[in-house]
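Structural overview for review
The residues making up each chain are set out below.
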Amino acid sequence: MKQQEQRYILLQVQTNSYSIITTGDSDRAGETLTSSSSLVGKSISEVTVVLKKSGSPSGTISVLVRSGQDDSRALEFGTIAASELATSDKSFTLKAASSHIFKSKDKVLVEWSGTGSSVDQVLVKRNEADAFDGTNTYLVGHKGTSYTNSNSRDLAGDWYGPN
């Protein structure tokens, strides 16, 4: 019998709120963990993210974990063809070939490099309230070479793992 997977619920969306990924601005949006996060030491192998589009985004969207130590790719859940996005919310569930045990400062991110036009956008659904784990686990964006924190919000979606 397969062991029951643990579900970490982040999706508690009451409003239509999004982090926008577009050319010349943010290229990543997701969730980061502090050392006090209840997810540190937990293992995940599957995530569900909620995305939609504006304009005509193309190319590949990646969903992955970046290491909090050096920002390297620690685990890739998978990719989504931008052509699969709609103008309304669509959930995507991606399962990695292995799992990742979270450490402080690790990030689960949706990443897209853009099309060259700021009109083409990938919108990543988020919660307007920091419903999961308070300010210990919270929304993060990336532009250029630095991250911006939004510790009063969370990424919308579900994460699954063996513990």
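Note that the coordinates shown come from a computational prediction; the quantities given were computed from them, not determined experimentally.

1. As for the packing of aromatic side chains
Summed over all chains, the structure comprises one aromatic pair. Taking 5.6 Å as the distance between ring centres and 35° as the angle between the ring planes, the aromatic pair formed by Phe102 and Trp159 counts as tilted. Of this pair, Phe102 sits in the loop between strand E7 (90-101) and strand E8 (107-111) while Trp159 sits in strand E13 (residues 157-161), and the two are 57 residues apart along the sequence. This pair shows no difference in class: Phe102 is buried, exactly as Trp159 is. Here the guanidinium or amino end of Lys107 rests over the ring plane of Tyr147, the centre of that ring lying 4.6 Å away.

2. Topic: the sheet that holds strand E5 (residues 60-66)
Overall, antiparallel pairing links the six strands, which are arranged E6-E5-E8-E3-E10-E11 in an open sheet. This sheet does not close on itself; its edge strands, each paired only once, are strand E6 (73-81) and strand E11 (146-150). On average, adjacent strands in this sheet sit at an angle of 20° to one another, irrespective of strand direction. Both strand E3 (residues 28-33) and E8 contribute to a ladder of five bridges, which runs antiparallel. Within the sheet, the bridge partner assigned to Arg28 lies in E8 and is Glu111.

3. A look at unusual backbone geometry
Note: most residues except glycine have negative phi, and most peptide bonds are trans. One non-glycine residue, Asp71, lies in positive phi territory at about 70°. If you trace the backbone, Asp71 turns up in the loop between E5 and E6. In this structure, Lys105 takes a positive phi of about 75° despite not being glycine. Mapped onto the elements, Lys105 comes out in the loop between E7 and E8.

4. Thoughts on the nonpolar core
Ranked by internal contacts, the top residues of the largest apolar core, which has 29 residues, are Leu51, Ile61 and Phe77. Contributions of two or more residues to this core are made by E3, strand E4 (43-54), E5, E6, E7, E8 and strand E9 (121-127). With four residues, E4 is the single largest residue contributor to this core. Dropping the residues within four chain positions of it, Leu51 is found in contact with Ile61, Ile80, Leu85, Ser88, Asp89, Lys90, Phe92, Val110, Val122, Leu123 and Val124.

5. Concerning the pattern of salt bridges
What the rule picks out here adds up to eight salt bridges. Its salt-bridge partner being Arg28, residue Glu111 comes within 3.3 Å of it at the nearest N-O pair. A residue pair is termed long-range when its members are at least 10 positions apart, and Glu111 in strand E8 and Arg28 in strand E3 qualify at 83 residues. Neither Glu111 nor Arg28 differs from the other in exposure class; each is buried.

6. Structural notes on the pairing of E11
The side chains of a regular strand alternate, first on one face of the sheet and then on the other. With five bridges joining them, strand E10 (residues 137-143) and E11 adopt antiparallel strand pairing. Bridging across to E11, Gly141 finds its partner in Thr148. If you look at the hairpin formed by E10 and E11, you'll find two residues sitting between the two strands, and Gly144 has a positive phi there, around 65°.

7. A word on the side chain of Glu111
You can call Glu111 buried: its relative accessible area is 9%. A distance of 2.6 Å separates polar atoms of two side chains, one belonging to Glu111 and the other to Arg66. Residues in contact with Glu111, not counting those within four places in the same chain, are Asp27, Arg28, Thr60, Ile61, Ser62, Leu64, Arg66 and Arg73.

8. Quick notes on the environment of Lys53
When you line up the elements, Lys53 lands in strand E4. Once the C-alpha coordinates of Lys53 and Ala86 are considered, the two residues, 33 residues apart in sequence, prove to be 5.8 Å apart. With sequence-adjacent residues up to four places away left out, Lys53 is seen in contact with Leu85, Ala86, Thr87, Gln121 and Leu123.

The rules behind each value
Residues numbered from 1 in each chain as written. Predicted model: local features only at pLDDT ≥ 70, side-chain atom pairs only at ≥ 80, totals over all residues. Heavy atoms only, no water. Phe/Tyr/Trp six-rings, centres within 6.5 Å; stacked < 30°, edge-to-face > 60°. Helix = DSSP H or I, 4+ residues; strand = E, 2+ residues; numbered from the N terminus. Buried < 20%, exposed > 50% of the residue type's maximum accessible area, 1.4 Å probe, protein only. Lys NZ or Arg CZ within 6 Å of the ring centre and 35° of its normal. Pairing = 2+ DSSP bridges. Axes fitted to C-alpha atoms, helices over the stretch in contact; angles between N-to-C directions. Core = buried A, V, L, I, M, F, W, Y, C linked by side-chain atoms within 4.5 Å. Contact = heavy atoms within 4.5 Å. Salt bridge = Lys/Arg side-chain N within 4 Å of Asp/Glu carboxyl O. Polar contact = N/O pair within 3.5 Å; in protein donor to acceptor, adjacent residues only side chain to side chain.

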